Amino acid sequence: QSGAYPKWLIIFAYLIVYIIWGSTYLAIRFSVETIPPLLSGGIRFLAAGAILLCVRLLQTRDLPTARGWKLAFGASLLPFAVTYGLITTAEIVVPSSIAGLIAAIEPLWFCLIGWLFFDGYAGIALGFAGICLLIAGDPNVELSFESKYTLWVLLLLLSTLTWVVGAFISANPRIHKDFLTASGMQMLCGGTVMMVSQYALSLFTGNY
């Protein structure tokens, strides 16, 4: 409820989201130039999950259960391993600016999926159309059925859907009653899956 917080604090929170979240796509673009994409994402989420989980456990002293870890593993696959696996790999081909624009479609999925399955609401069609126009108008965009670029743009679109579905699944209170602890658990699980996947892919392809 926005009335419970000062207006300046709400604006500041939005700015933090825009700057920090938005800059991650540029950071991913730089990282995949020298680090395999799944390894890049795995390192990120393992580090973030370990830090967040350690801090919360020191504060709450409430250790996760084995059942909680099992649920966290399942809940981590879509929003972390699949979504960011697609994003980090796609950004080898697709510019970070386009990836960030495509990610802006996520609120549309939140509304539609929430409306259909979680008693939410629908809308944001105009915003979706605006994103499509911005992407199509970029001179670097090469949209054709013969282009690998088009394939990765479509996979980025898919990643926005997997992220939102995963976000609904990851809100399971049975993972841990503290949502920050649950987030740390899921990031650890997702990061581990990404790193193991990169290792398996390297063994299969011979590219290290």
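See the structure shown above.
S.K.: Describe in detail the overall build of the chain, supporting the description with residues and values.
M.R.: For the chain, the count of helices and strands is 8 helices and 0 strands. Secondary structure of the chain in N-to-C order comes out as α-α-α-α-α-α-α-α. Looking at the chain as a whole, 38% of its 208 residues qualify as buried. Taking as baseline every contact in the chain between residues at least 6 positions apart, the subset at least 24 positions apart corresponds to 83%. By element, 72% of the accessible surface of the chain is carried by carbon and sulfur atoms, the whole surface being about 12,400 Å².

S.K.: Please set out the nonpolar core residue by residue, giving values where relevant.
M.R.: In terms of nonpolar packing, the biggest core is built from 26 residues, with Phe45, Tyr84, Ile87, Val94, Ile102, Leu156 and Met194 touching the most fellow members. Elements with a minimum of two residues in this core: helix H1 (7-31), helix H2 (37-60), helix H3 (66-90), helix H4 (96-103), helix H7 (148-170) and helix H8 (179-205). The greatest single-element share of this core, amounting to 6 residues, is contributed by H7. The next biggest cluster of nonpolar side chains, apart from the first, holds 9 residues, and it includes Leu53, Ala75, Ala182 and Cys189.

S.K.: Report on the packing of H1 against H3, specifying residues and quantitative values.
M.R.: Two elements in contact, H1 and H3, have axes separated by 9 Å at closest approach and are oriented at 55°. Viewed along their axes, H1 and H3 adopt a mutual orientation that is oblique. Contacts from Trp21, Tyr25 and Ile28 in H1 reach Tyr84, Ile87 and Thr88 in H3. Looking at side-chain class alone, the contact of H1 with H3 contains 5 nonpolar, 1 polar and no charged residues.

S.K.: Tell me what's going on with the side chain of Thr162, and back it up with residues and numbers.
M.R.: Residue position: Thr162 is located in helix H7. A polar atom in the side chain of Thr162 sits 3.0 Å from the backbone oxygen of Ser159. Each residue touching Thr162, except ones within four places of it in the same chain, is listed here: Leu78, Pro79, Val82 and Thr83.

S.K.: Explain the pattern of salt bridges to me, and be specific about the residues and the numbers.
M.R.: One pass over the structure, following the stated rule, counts 2 salt bridges. A salt bridge links Arg56 to Asp178, with the shortest nitrogen-to-oxygen separation between them at 3.0 Å. Of this pair, Arg56 sits in helix H2 while Asp178 sits in the loop between H7 and H8, placing them 122 residues apart in sequence. We classify Arg56 as buried; its relative accessible area is 17%.

S.K.: Break down the packing of aromatic side chains for me, with residues and values.
M.R.: This structure, assessed with the given rule, holds 4 aromatic pairs. Measuring from ring centre to ring centre gives 6.1 Å for Phe80 and Trp163, while their planes differ by 90°; the resulting arrangement is edge-to-face. Here Phe80 is found in helix H3, whereas its partner Trp163 is found in helix H7, with 83 residues between them in sequence. Like Phe80, the residue Trp163 is buried in the burial classification. Relative to Trp163, the ring of Tyr84 lies with its centre 5.9 Å away and its plane at 90°, an arrangement referred to as edge-to-face. In this pair, Tyr84 sits in helix H3 while Trp163 sits in helix H7, placing the two residues 79 residues apart along the sequence. Trp163 carries the same exposure label as Tyr84, and that label is buried.

S.K.: Residues and numbers for the environment of Phe45, please.
M.R.: Structurally, the position occupied by Phe45 is in helix H2. The exposure class assigned to Phe45 is buried, which follows from its relative accessible area of 4%. With sequence-adjacent residues up to four places away left out, Phe45 is seen in contact with Phe80, Tyr84, Met187, Leu188, Gly191 and Met194.

Quick notes on the rules
- Residues numbered from 1 in each chain as written.
- Predicted model: local features only at pLDDT ≥ 70, side-chain atom pairs only at ≥ 80, totals over all residues.
- Heavy atoms only, no water.
- Helix = DSSP H or I, 4+ residues; strand = E, 2+ residues; numbered from the N terminus.
- Buried < 20%, exposed > 50% of the residue type's maximum accessible area, 1.4 Å probe, protein only.
- Contact = heavy atoms within 4.5 Å.
- Areas by Shrake-Rupley, 256 points an atom, 1.4 Å probe, with all protein chains shown as cover.
- Core = buried A, V, L, I, M, F, W, Y, C linked by side-chain atoms within 4.5 Å.
- Axes fitted to C-alpha atoms, helices over the stretch in contact; angles between N-to-C directions.
- Parallel < 35°, antiparallel > 145°, perpendicular 65-115°, else oblique.
- Nonpolar A, V, L, I, M, F, W, Y, C, P; charged D, E, K, R; others polar.
- Polar contact = N/O pair within 3.5 Å; in protein donor to acceptor, adjacent residues only side chain to side chain.
- Salt bridge = Lys/Arg side-chain N within 4 Å of Asp/Glu carboxyl O.
- Phe/Tyr/Trp six-rings, centres within 6.5 Å; stacked < 30°, edge-to-face > 60°.

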